[in-house]
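# Structural description and commentary
Spelled out from the first residue to the last, the chains are:
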Amino acid sequence: MAGLLSLAVNLPLHAANETAASVSLQQQDTIETRIQNLLAQMSTREKIGQLALRDWGTFQAADMKAIKQAVREGRVGGFLNVNFSSVDKNAFEELQRIAVEESPLGIPLLFGQDVIHGYETIFPIPLGQAASWNPDLIRQGARVAAQEASADGIRWTFAPMIDISRDPRWGRIAETLGEDPYLTSTLGVAMVEGFQTDNLADPTSLAACGKHFAGYGAAEGGRDYNSAYIPERLLRDIYLPPFKAGIDAGMQSIMSTYSTLNDVPGTGSPFLFKQILRDEWGFDGFVVSDWNAVMEMIPHGFARDAKHAATLAANAGIDMEMHTDTYDQYLPQLMDEGKFSEAQLDTAVANILRVKLRLDLWNHPYPRAKSEAEREQIIRNDQFLNAAKEAAKETFVLLKNDRQLLPLKKDQTVAVIGPLAEAAHDQLGTWIYNGDKKHSRTLLPALREMVGDQGKIIFAEGLTYSRDTSTDGFKAALKAAKKADVILYVGGEEAILSGEGHSRGDIRLPGAQAELIAALSKTDKPLAMVLLAGRPLQLDKTLQQADAVMMAWHPGTMAGPALAEVLYGETSPSGRLPLSWPVGAGQIPIYYNHLATGRPATDDNYTRIDKIGREVFQHQPGNSSNQLDYGHKPQFPFGYGLTYSQFEYRDLVLSNTNLDGNGQLTISATIANTGKATATETAQLYVRDLVGSVSRPVRELKGFERVTLAPGESRRVNFTLNADQLAFHNAQMQAVVEPGEYRVWIAPDAASGLEGVFTLH
């Protein structure tokens, strides 16, 4: 098993520009030759078959004969969700055997699945992983997932989700890596590298799929499948960079968005898939529609019927159709009518075959685990579980810690209260197709094991689940609280409240949780709160009622042991917010890299709503960009997070105050641990272009570095800033670097830090 872990962690990874090819030039020439040879032998029907991605999980026993015959005839290119059928437990091997041994050219099938944050060993949700600000951690999590999934025959994952989202109401924010293009690009690339390694032919690799192209995270009102309106300059500067970074790192496939982008469904957009993806970026992998997305252009009012939908998708550049069969039904007619050409078909098929050949499916077509015993050695082995625990520990964000309540002390009696304190299923989070709660390590036994004294941990759930509105359990919860030295409340959202189709307009704590917390706070016992959720939550008065607040997201299989170790101080929390945490839903969208306004708000240029007198003059409360009830700041800024220690930033130094267009600048500062615990600080580099040909953001993240320091220890952090990192798209959609004055910060978050100035010539 040691070999498995070393493979998971230590595989060499090439630089992004080298990895993009995934094969040598000689190998690529061989692949292209093989593609042309295959195309020359394929019938039109067999070519169209390669474009068909069927959902095995939707088939019944009565369908088996027909679908296997379609594979035999070369009319299926791949399957998703083969795990989710009770009809045929050996489907991976049987379907592939038919394809390889009985189809006309023996072209292997490609098996895909939503392996999002683990396969059976479940890691924290992606938004939680992003809170680690640790690419190595994310790379390792993807590597573990790839090894487990490939054991069953899966060689393609529908991840990473690299949509930028500025709206916590959107359920799928849980799957994202946050609001910032630099952080999402960095962590998205790490995920690609973990899934694919630097050798796609490795039987443990999964082809990665960047989704959703493009702008899905900007859906209006946070409502799934909805409309997104993104000016092209914003699209190119904020929403597209993570996809470009993934492609440069060798990402093999792209998935279309469900939403419309500027009134055109992404699945029918030549602008996205032909102009940007192929012509501008030179992408040579394949594009797959999202599930049913081709047909959903009909309710969008963009396609008249299924035939029209097939025409639009195929001509937009969608190579593979997921689930629906409009290509199978209508492409022959469209070709006869001159609405789709043989050359276009060959290009789409070549894109798919190219990835199949890079994955070396001809030599490794079958599941990697040859027996159940071999599978058991791979799936959820101790090293993978330990990796999931270590990952979870780095994702927890300490938001508040008054009176230094945390870490807990083992001689304290702790009343553990709340609906998610013992929630084996909900701790796994969204998108866990193969996750099983029976393998979850939950919090309550982990706490008892940590203190070694059963009597020191008293449990009363108070509420049976996160949406429970009954107060019947309050009496037992308050009784437990009164017996304890400290209250540990564990609540938030069940897993089902985030993810696809699970958006919320009201992001407050659901059910009667706020009432329970208020009641607990009246006991005058110290109160620590741990939140499990797929999004930031509106905290209202609970933030003041709790002495300490820790955001744990949905931490996965090993949530319990990970939380116990952090809560008791064996490890200091080190997570940082990958998004801005709103005061309330009415403040959304809120994000740190916003533009300046004509009347920017400060703490003293307006009056909050509860301080405004009656019948005062219109302008007396002030006129600035704010909301009278929420103010102008988020509850917690992007990049924010506390530890069990304290850090001091000092001595900012710029190597030069002048930078030319081809040069680079070094910015450095000293980070000192002035507290009493060893902890990890994440130093962040921000810049601001003070004047541009278009208005520029007030800050933009350009780098970060994690630094672990013992008490009293200090270290110099150094960032290199190249002039091309200051590029943006002007009004003519040209990528430009403009001369002028810039501000620069080395900071613990997006709202503070040491500030310097330089000039770009």
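These numbers come from a predicted model, not from an experiment. (Residues numbered from 1 in each chain as written. Predicted model: local features only at pLDDT ≥ 70, side-chain atom pairs only at ≥ 80, totals over all residues. Heavy atoms only, no water.)

On a plain count of helices and strands, the chain comes out with 22 helices and 27 strands. Relative to a compact globule of 761 residues, whose C-alpha radius of gyration would be 27 Å, the chain shows 27 Å and is just as compact. Taking the principal axes of the C-alpha coordinates as reference, the chain spans close to 75 × 65 × 55 Å. A buried classification covers 61% of the 761 residues belonging to the chain. A fraction of 78% describes how many contacts in the chain between residues 6 or more apart in sequence connect residues 24 or more apart. Only carbon and sulfur atoms are counted for the fraction: they give 47% of the accessible area of the chain, which is about 28,100 Å². Measuring between centres, the 71 positive side-chain charges of the chain sit 4 Å from its 91 negative side-chain charges. (Helix = DSSP H or I, 4+ residues; strand = E, 2+ residues; numbered from the N terminus. Rg over C-alpha atoms; globule rule 2.2 N^0.38 Å. Buried < 20%, exposed > 50% of the residue type's maximum accessible area, 1.4 Å probe, protein only. Contact = heavy atoms within 4.5 Å. Areas by Shrake-Rupley, 256 points an atom, 1.4 Å probe, with all protein chains shown as cover. Lys, Arg positive; Asp, Glu negative; His and termini not counted. Charge placed at Lys NZ, Arg CZ, Asp CG, Glu CD.)

Before going further, it helps to spend a moment on unusual backbone geometry. Phi is mostly negative for residues that are not glycine, and the peptide bonds are mostly trans. The amide bond that connects Ala159 to the next residue, Pro160, takes the cis arrangement and shows omega of 10°. Looking at the element boundaries, Pro160 is found in the loop between strand 4 (156–157) and helix 9 (181–196). Geometrically, the link from Lys211 to His212 is a cis peptide bond, its omega value of 0° lying close to zero. As for its placement among the helices and strands, His212 is situated in strand 5 (residues 209–213).

Pairing within the open sheet is mixed, and its five strands lie in the order 19-27-26-21-22. Single-partner strands in this sheet number two, and they are strand 19 (658–659) and strand 22 (700–709). Relative to strand 26 (residues 740–747), strand 21 (residues 679–689) runs antiparallel, the two being bridged by six bridges. Of the residues in strand 26, the one forming a bridge with Arg688 is Arg743. (Pairing = 2+ DSSP bridges.)

If you trace the backbone, Ser440 turns up in the loop between strand 13 (414–417) and helix 18 (443–451). Beyond its immediate sequence surroundings of up to four residues, Ser440 is in contact with Ala424, Gln427, Leu428 and Thr557.

Once that is clear, we can look at the UniProt feature "domain: Fibronectin type III-like" (unreviewed entry) in the chain. Those places that UniProt annotates as "domain: Fibronectin type III-like" (unreviewed entry) correspond, in this numbering, to residues 681–750. In residues 681–750, the share of helix is 0% and the share of strand is 57%. The end C-alpha atoms are 14 Å apart. (UniProt positions renumbered as here; feature names shortened; annotations may be inferred.)

Here the focus is helix 11 (residues 241–248). Buried within helix 11 are the following residues: Pro242, Phe243, Ala245, Gly246 and Ile247. In the core, the buried residues of helix 11 are packed alongside helix 9, strand 5, helix 10 (232–239), strand 7 (253–256) and helix 12 (270–280). Backbone geometry just downstream of helix 11 places Gly250 in the positive-phi region, at approximately 100°.

Running from N to C, helix 10 and helix 11 point in directions that differ by 50°, and their axes come no closer than 5 Å. Taken together, helix 10 and helix 11 sit at an angle that is classed as oblique. For the pair helix 10 and helix 11, the contacting residues are Leu235, Arg236, Asp237, Ile238 and Tyr239 in the first and Pro241, Pro242 and Phe243 in the second. Split into classes, the residues belonging to the contact of helix 10 with helix 11 amount to six nonpolar, no polar and two charged. (Axes fitted to C-alpha atoms, helices over the stretch in contact; angles between N-to-C directions. Parallel < 35°, antiparallel > 145°, perpendicular 65-115°, else oblique. Nonpolar A, V, L, I, M, F, W, Y, C, P; charged D, E, K, R; others polar.)

A few words on the packing of helix 9 against helix 11. In contact at an axis separation of 8 Å, helix 9 and helix 11 are set at 25° when each is read in the N-to-C sense. On the basis of the axis angle, helix 9 is roughly parallel to helix 11. For the pair helix 9 and helix 11, the sense of crossing is right-handed. Facing Pro181, Thr184, Ser185 and Val189 of helix 9, the residues of helix 11 in contact are Pro241, Pro242, Ala245 and Gly246. Here the residues of the contact of helix 9 with helix 11 are counted per class, giving five nonpolar, three polar and no charged. (Left-handed = near helix turned anticlockwise from the far one by under 90°.)

A few words now on the pairing of strand 17 (residues 548–551). Side chains Ala548 and Met550 of strand 17 all project onto a buried face; the interleaved residues Val549 and Met551 project onto the opposite face, where all are buried too. Where strand 16 (residues 527–532) lies against strand 17, four bridges are found, and the strand directions are parallel. Pairing of Val530 across the sheet is with Met550, part of strand 17.

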